[in-house]
Every structure is written in C-alpha cells, then in structure tokens.
Amino acid sequence: MTRVSQAVVVVATLMVGCGLPQAVAAEADTTKAETEAIARWVAELGAPQFARREAASKALLEAGQPALGPLAAAIRGRDFEVASRGTEIVRDMLAADDTVLAAEAERVLEKSAEDGGKAARLAAAALDFHHVGMAASAREELESLGAVFRERPFVEQAGIEAEFATGWKGTVADLRQLARLRGLTGVGFHGVRLDEEALAVVGRLERLERIELFGTGLSDNAVAALAAKLPAARIDFRKGGKLGVGAVAFGGPCEIRTVEPGSAADQAGIRPGDVVLAVDGNPVADFDGLTARVAGRGQGERVRLSVARGGAADGELERLEFEVRLDAW
C-alpha cells in the first residue's frame, strides 16, 4: 500500500465514524489526501537531507498520474534541485506499464523542454534518450497507419523523410511519434488536413530541413508561425491545387521532366520536354517560379500555361496555350 493509500484509509475511516457514507467519504478525501501528500513530497525534493529527497522521489513515482501536474509545475520552478529531481521522476514514468501515464509523462517533458526553464535541457535530454529506444517501434507503427518513409542518402547529411498522404489513417497522437525517429530531416503532408495541434507537433521537430504542406487546409498565418519557429527548415506550402508535373528545381528554364499519368497536366496535354514560359500571363523563369504560381491556387481552379514545345518540322519551338483544371493533393 502506498503512502497516499495509507493516508486515505485513515482519513476515510475517521469520516465514516462521523456518520458519512463510506463510499462518499473515501471518494471525497482521496483527492484531498493525495493532493496534500503530493504537495509535501514535491517540497521535500529540495530538502537539505539526501535521505528525505530520495524518499520524496520514491513516493512521487509511486503516486503516478496524480503527481504529474505538481511535478510539471515544480520543473518550471526556480529551484534547480527540485526541478532536476522532478524531471528524473517524470522520466522514470516514461517506462511505466500504464500507457496513459507514460504518454502524459512524455507530454510533460515535451512542454518542459519547450518552456526553457531551469530543467529544459534535462527534459530534452530525457526525451532524446527515451526516443532512441522507441525509434524502431515508432516507425513501424507510423508505417502501419499509412506513413511512407524514404531514405535520403545525400552527401552532406543522410536522413529519412516521412510522407503522409491521403492513405494516412492516424491521429495527432500518432504524429507525436515523429519525435522518436532518429535522422528525420523532412516531412510531407499531401492532402492531409492539419489543425493547430498537429502543427504544434511538427513545430517541435527542430532538426527538420524540409517541410511540405500541400492541401492541408492551413492558413498563411499558421504557416508563417511555423516558419518562425523552425527558421532553418525550408517550407513548401501549397493551398491544394495540384498540377502533376516534375522538373529540376535548380534554376534554368522550367523544362517539364515528368508528367503524372492521369494528372491535371496530363489531361490538359502537357508533355515531358515542354518548357513552361508563363502562368496566367505571368512569366516563369524556372520550376520554383512555376511552383510558386500554382501554390496559391486551390483544387478545381483553372490556370493558363504558356508552353514552348520542340519537334516542329522547321526546327522552331512551337508556343502553345493550355488551360489546366487543378487536381487535389
């Protein structure tokens, strides 16, 4: 029996003797007894005697979920000894068999790491250590829910990218597992609706280099806030209209290299080798320019592409005009 339970039994027995129904008495004082005991143990984390600090740590760990709120407040407090011990206790709760307790403990550490308090680095380190052990199972779980992972063996820095398309069946809670992955450098959401909570999960992935947000329903302000939070990441934001072409995005003419079968571009008559000159009369210098022009357009909207096409008998380029009705991501 834990110390909290012992205290509850004593108080409940006294109240029953005063005439209150036993169930009501126990329920009424369980919360009160736990709250008072937990507050006392949290204060004891800063006690001058090592034995008292150790005993308080053990008691708080045994208390479990009811101790998380007070521990979160202690971690954000001014006393580094209390904050660091509180972080260690919450870290130990990550290994609990109770999955709800483990998940809530993880959220406490995430918030503590974000808040930048005295124990922020300790909280971040505890999360990193925990995530290393959880990386393999996290990837397997995300893949089972529809996420697709791609290795990116670049010379400068190898990494993996995660893509979430219309086959994604997970929730915001599942997206939290991205933080457990090692070497994650990019994420892409294609046709997946995101809310502020989901965007906050992405905003905690500080090592990201590239983020694709295609047809997510996010506002310009929400994406701007994400960009401010992750200034090192390149964010490709598109409202929802999809053209369905690929090209080399390193400057030079906007020559189409690939056209997705059945895509809006394919149905309009765009071919590989075509060079896009303008969108709705606005000149396009390269593929990035084409992407920027289409990014702000939604599903079902129409755009006019001016294209130069080779293959004429006299060797001259033929200038063609195409009206394209954009698909959805």
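See above for the structure.
Residues numbered from 1 in each chain as written. Predicted model: local features only at pLDDT ≥ 70, side-chain atom pairs only at ≥ 80, totals over all residues. Heavy atoms only, no water.

**Student:** Would you mind showing me how to read the overall build of the protein here?
**Tutor:** A tally of helices and strands in the protein yields 12 helices and 13 strands. Among the 329 residues that make up the protein, the fraction classed as buried is 41%. Once local pairs closer than 6 in sequence are excluded, the contacts in the protein between residues at least 24 apart make up 53%. For the protein, the accessible surface area stands at approximately 17,500 Å², while carbon and sulfur atoms represent 53% of it. (Helix = DSSP H or I, 4+ residues; strand = E, 2+ residues; numbered from the N terminus. Buried < 20%, exposed > 50% of the residue type's maximum accessible area, 1.4 Å probe, protein only. Contact = heavy atoms within 4.5 Å. Areas by Shrake-Rupley, 256 points an atom, 1.4 Å probe, with all protein chains shown as cover.)

**Student:** Sorry if this is basic, but what is going on with the packing of helix 9 (residues 196-203) against helix 10 (residues 220-229) here?
**Tutor:** Packed helices, taken two at a time, are described by the angle between their axes plus the distance between the axes. One can describe the packing of helix 9 onto helix 10 by two numbers: an axis separation of 10 Å at closest approach and a directional angle of 20°. If you check the angle between helix 9 and helix 10, you find them roughly parallel. Here the hand of the crossing between helix 9 and helix 10 comes out right-handed. Between helix 9 and helix 10, the residues in contact are Leu199, Val202 and Gly203 and Ala222, Leu226 and Lys229, respectively. When grouped by side-chain class, the residues that make up the contact of helix 9 with helix 10 number 4 nonpolar, 1 polar and 1 charged. (Axes fitted to C-alpha atoms, helices over the stretch in contact; angles between N-to-C directions. Parallel < 35°, antiparallel > 145°, perpendicular 65-115°, else oblique. Left-handed = near helix turned anticlockwise from the far one by under 90°. Nonpolar A, V, L, I, M, F, W, Y, C, P; charged D, E, K, R; others polar.)

**Student:** Teacher, can you tell me more about the sheet that holds strand 3 (residues 184-190) here?
**Tutor:** Across a sheet, strands are paired by hydrogen bonds formed along the backbone, either parallel or antiparallel in direction. Pairing in this open sheet of 5 strands is mixed, and the strands run 1-2-3-4-5 from one edge to the other. Strands at the two margins of the open sheet, each flanked by one partner only, are strand 1 (148-152) and strand 5 (234-238). Averaged over neighbouring strand pairs, the angle between their axes works out to 15° when direction is ignored. Two strands pair when backbone bridges link them, and strand 1 and strand 2 (residues 159-164) are joined in this way by 5 bridges, in the antiparallel orientation. The partner of Phe149 across the bridge, within strand 2, is Ala162. Its contacts with the sheet place helix 10 against strand 4 (210-214) and strand 5, and it is angled at close to 170° to strand 5. (Pairing = 2+ DSSP bridges.)

**Student:** Explain helix 12 (residues 287-295) to me, please; I cannot follow it from the model alone.
**Tutor:** Every buried residue belonging to helix 12 is among Phe287, Leu290, Thr291, Val294 and Ala295, and all of these are buried. Down the axis of helix 12, the buried set is contained in an arc of 130°. They therefore lie on one face. Looking at the packing, one finds that the buried side of helix 12 touches strand 5, strand 6 (241-242), strand 7 (245-247), strand 8 (254-259), strand 9 (275-279) and strand 11 (302-309). Two or three places before Asp288, at the opening of helix 12, Asp286 has a side-chain oxygen 3.3 Å from that residue's backbone nitrogen. (Arc of directions from axis to C-beta. Polar contact = N/O pair within 3.5 Å; in protein donor to acceptor, adjacent residues only side chain to side chain.)

**Student:** What is the right way to read the nonpolar core from this model?
**Tutor:** Side chains of a nonpolar character, in soluble globular proteins, are inclined to be buried together. The biggest cluster of nonpolar side chains holds 32 residues, and the ones touching the most others in it are Phe164, Leu178, Leu184, Val187, Ile211 and Leu213. Elements with a contribution of two residues or more to this core: helix 7 (120-144), strand 2, helix 8 (172-175), strand 3, helix 9, strand 4 and helix 10. Look past the residues within four positions of Leu184 in its chain and what remains in contact with it is Ile160, Glu161, Ala162, Leu178, Leu205, Arg207 and Leu208. One finds Leu68, Ala83, Val90 and Ala119 within the second-largest nonpolar core, a separate group that totals 28 residues. (Core = buried A, V, L, I, M, F, W, Y, C linked by side-chain atoms within 4.5 Å.)

**Student:** Would you mind showing me how to read the packing of helix 5 (residues 80-93) against helix 6 (residues 99-115) here?
**Tutor:** Orientation of helix 5 relative to helix 6, taken along the N-to-C sense of each, is 145°, at an axis distance of 8 Å. As for the relative orientation of helix 5 and helix 6, their crossing is left-handed in sense. Contact with helix 5, carried on its side by Thr87, Val90, Arg91 and Met93, involves Leu101, Ala102, Ala105, Val108 and Leu109 of helix 6 and no other residues of that element. A per-class count over the contact of helix 5 with helix 6 returns 7 nonpolar, 1 polar and 1 charged.

**Student:** Even after reading the chapter, I still don't get the packing of aromatic side chains, so can you show me in this structure?
**Tutor:** For any pair of aromatic rings, geometry is given as the distance between the ring centres together with the angle between the planes. For the structure shown, the criterion picks out 2 aromatic pairs. Both rings, one in Phe164 and one in Trp168, keep their centres 4.8 Å apart while their planes meet at 85°; by these two values the pair is edge-to-face. Residue classification places Phe164 among the buried positions, given a relative accessible area of 0%. One aromatic cluster is present, built from ring pairs that chain together Phe164, Trp168 and Phe189. (Phe/Tyr/Trp six-rings, centres within 6.5 Å; stacked < 30°, edge-to-face > 60°.)

**Student:** Hey, could you run me through the pairing of strand 3 in this one?
**Tutor:** Two faces make up the sheet, and in a regular strand the side chains alternate between them. In terms of burial, strand 3 is a largely internal element, 7 of the 7 residues being buried. Pairing of strand 2 with strand 3, which is carried by 5 bridges, proceeds in the parallel orientation. Residue Glu161 lies in a different strand from strand 3, and its bridge partner there is Gly186. Chirality of the crossover, the property in question, places the unit of strand 3, helix 9 and strand 4 among those that are right-handed. (Right-handed = clockwise from strand over helix to strand, strands pointing away.)

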